[in-house]
Amino acid sequence: MLYGGIEAGGTKFVCAVGDGNGQIFERVQFPTTTPKETMKQVSEFFSQFNLRAIGIGSFGPCDVNSESATYGYITSTPKLSWRGYPIVKKLEESFNIPIGFSTDVNAAALGEVTFGAARGLDSCLYITVGTGIGAGAVLGGKLLQGLSHPEMGHITVRRHPKDTYPGICPYHKDCLEGLAAGPAIKERWGKPGIELVNSSEVWEMESYYLAQALVHYILILSPKKIILGGGIMKQKQLFPLIYRDVKKLLNKYIELPQLSEEIERYIISPGLGDLAGITGALLLGRKAYETQPEKQK
Ligand code: ZN
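Here's what I pulled together on the structure shown here. Predicted model only: the values in this text are computed from it and were never measured.

This next bit is on the overall build of the chain. Regarding its fold elements, the chain presents 9 helices and 10 strands. Projected onto its principal axes, the C-alpha coordinates of the chain cover approximately 60 × 40 × 35 Å. Across the 297 residues that make up the chain, the buried fraction comes to 51%. Put simply, 63% of the contacts in the chain that link residues at least 6 apart link residues at least 24 apart. For the chain, the accessible area works out to roughly 14,100 Å², and carbon and sulfur atoms hold 51% of it. Counting 31 positive and 29 negative side-chain charges, the chain places the centres of these two groups 1 Å from one another.

Here it is, written out as C-alpha cells:
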C-alpha cells in the first residue's frame, strides 16, 4: 500500500511516497512560494502514484480541530499568501482520498515514537530549534492536540542576566522563540550560529533558555523521551550544557534516573535525522486511511 506524505514548511515542501511502515520510496522537495504554484507541484508529484491516503505535517499556526469549520486551514501565518489556505480541502478535492493533518512537529514526534529514537515508547516530545522553535508530542499513544495544537516555542522564559537583546518574536518579542531561535542568535551576536561554534557564551545563553523550556515541558507533560531537532541542535556542544542546566533547574525535585545519571539517553537527537517530519507525515496518511475507510475509492 502506498501513502503520500507532505512536510509543509515555511521555506520548503517535502513530499514523499512510502509504505507507512517507515520505508520511503520517493522523495522530492519544492520551495514554498504561493499556494497555487507550490500545490501544483505537489499534485503533479502525487498524481504519478496510486495512493491510499496523504498525510500532512504543516507549518502553523493551522487549524487541527477536526470539528472546526476551518479544519485543515493554515491560519495566522506570516506567509500572507498561505493565510486562510484550506490545504486539506484542496487535496481532498484533487485526490478524493483520506487526508491526515497535524503540525510539522507533531508529525515529527509521531515519526520518532514509531520508528525513531523513541521507538517502543508511547510518549515523546519533539522540539525543533531552527528558524523558529516548535514542539509536538505524542502522549499515551496520541498526538497532543486540544483546543488547538501546542505552541511551545512561544512560552515566557526568565531572561539571562547578561542578555540585553530585546527579542525577535513579532508577537511577544522575548518569548523562547524570540530569544533562542536561529534568527535571534544571528541578530544578538551579529553572526549565524554556525559561525559561532567556538563562542562559549553563545551556547551558554542558548542552553540557559532551552533548559528552562525543557524543564517546563518535563513538569507539565512528563514525556518519556525528549528529542531535540532542527538546525541549531546540530551544534552538538549544546547537549552537555543542556543536561547540566536541566539538572540544575530541576534540582533533584523529580528523582528519576532519566533526569539524572541517564539524562544523555533521555534528551537526544532525532533517530530519523532530518526524515522525522516526513516519516511522521506518511504515518498521518496511514492513520487517515485506517480511520476513514468510508472515503476509500
Ligand atoms: Zn512568541
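There is more to say after this.
The protein atoms donating to the zinc ion are H154 (ND1), C169 (SG), H172 (ND1) and C175 (SG), with metal-donor distances spanning 2.0 to 2.4 Å. The site at the zinc ion holds 4 donor atoms, and with the angles between them running 103 to 119 degrees, its shape is tetrahedral. Taking the relative accessible area as the measure of exposure, C175 reaches 2% and is therefore buried.

On to the sheet that holds strand β4 (residues 53–58). Hydrogen bonds between backbone atoms are what pair the strands of a sheet, whose relative direction is either parallel or antiparallel. With mixed pairing, 5 strands are arranged side by side in an open sheet as β3-β2-β1-β4-β5. Each having just a single partner strand, β3 (24–31) and β5 (99–103) make up the two edges of the open sheet. Adjacent strand axes in the sheet meet at a mean angle of 15 degrees when their direction is disregarded. Sheet analysis places strand β2 (residues 12–18) next to β3, joined by 7 bridges and oriented antiparallel. Bridge pairing in β3 places K12 opposite P31. Sitting on the sheet, helix α2 (residues 87–95) touches β1 (3–8), β2, β4 and β5, and the angle it makes with β5 is about 160 degrees. Contacts between helix α3 (residues 104–115) and the sheet are confined to β4 and β5, with β5 contributing the most and set at about 105 degrees to the helix.

Turning to the pattern of salt bridges, a few remarks are in order. With the rule as written, the count across this model stands at 9 salt bridges. We note a salt bridge from E44 to K40, for which the minimum N-O separation is 3.3 Å. Here E44 pairs with K40, and both are found in helix α1 (residues 35–46), just 4 residues apart, close to one helical turn. A relative accessible area of 45% places E44 in the partly exposed class. In this structure, R244 and E204 form a salt bridge, with 2.6 Å as the shortest nitrogen-oxygen distance. Of the two residues, R244 is situated in helix α7 (residues 238–250) and E204 in helix α6 (residues 200–221); the sequence distance between them amounts to 40 residues. Since its relative accessible area comes to 37%, R244 is described here as partly exposed. The network of salt bridges with common partners includes R159, D163, D174 and R188.

Let's shift gears to the pairing of strand β7 (residues 133–139). Most of β7 is tucked away: 6 of the 7 residues are buried. Here strand β6 (residues 124–129) runs beside β7; their pairing, made up of 6 bridges, is antiparallel. Considered in β7, the bridge of V129 is made with I133. Hairpin connection between β6 and β7: a loop of 3 residues separates the two successive antiparallel strands. Here 2 bridges tie β7 to strand β8 (residues 142–143), and the two strands are oriented antiparallel to one another. From the neighbouring strand, V138 faces β8, where its bridge partner is L143.

Calculation rules
Residues numbered from 1 in each chain as written. Predicted model: local features only at pLDDT ≥ 70, side-chain atom pairs only at ≥ 80, totals over all residues. Heavy atoms only, no water. Helix = DSSP H or I, 4+ residues; strand = E, 2+ residues; numbered from the N terminus. Buried < 20%, exposed > 50% of the residue type's maximum accessible area, 1.4 Å probe, protein only. Contact = heavy atoms within 4.5 Å. Areas by Shrake-Rupley, 256 points an atom, 1.4 Å probe, with all protein chains shown as cover. Lys, Arg positive; Asp, Glu negative; His and termini not counted. Charge placed at Lys NZ, Arg CZ, Asp CG, Glu CD. Donors = N, O, S within 2.8 Å, 3.2 Å for Na, K, Ca; no water. Tetrahedral: all angles 85-135°; square planar, octahedral: opposite > 155°, others 65-115°. Pairing = 2+ DSSP bridges. Axes fitted to C-alpha atoms, helices over the stretch in contact; angles between N-to-C directions. Salt bridge = Lys/Arg side-chain N within 4 Å of Asp/Glu carboxyl O.

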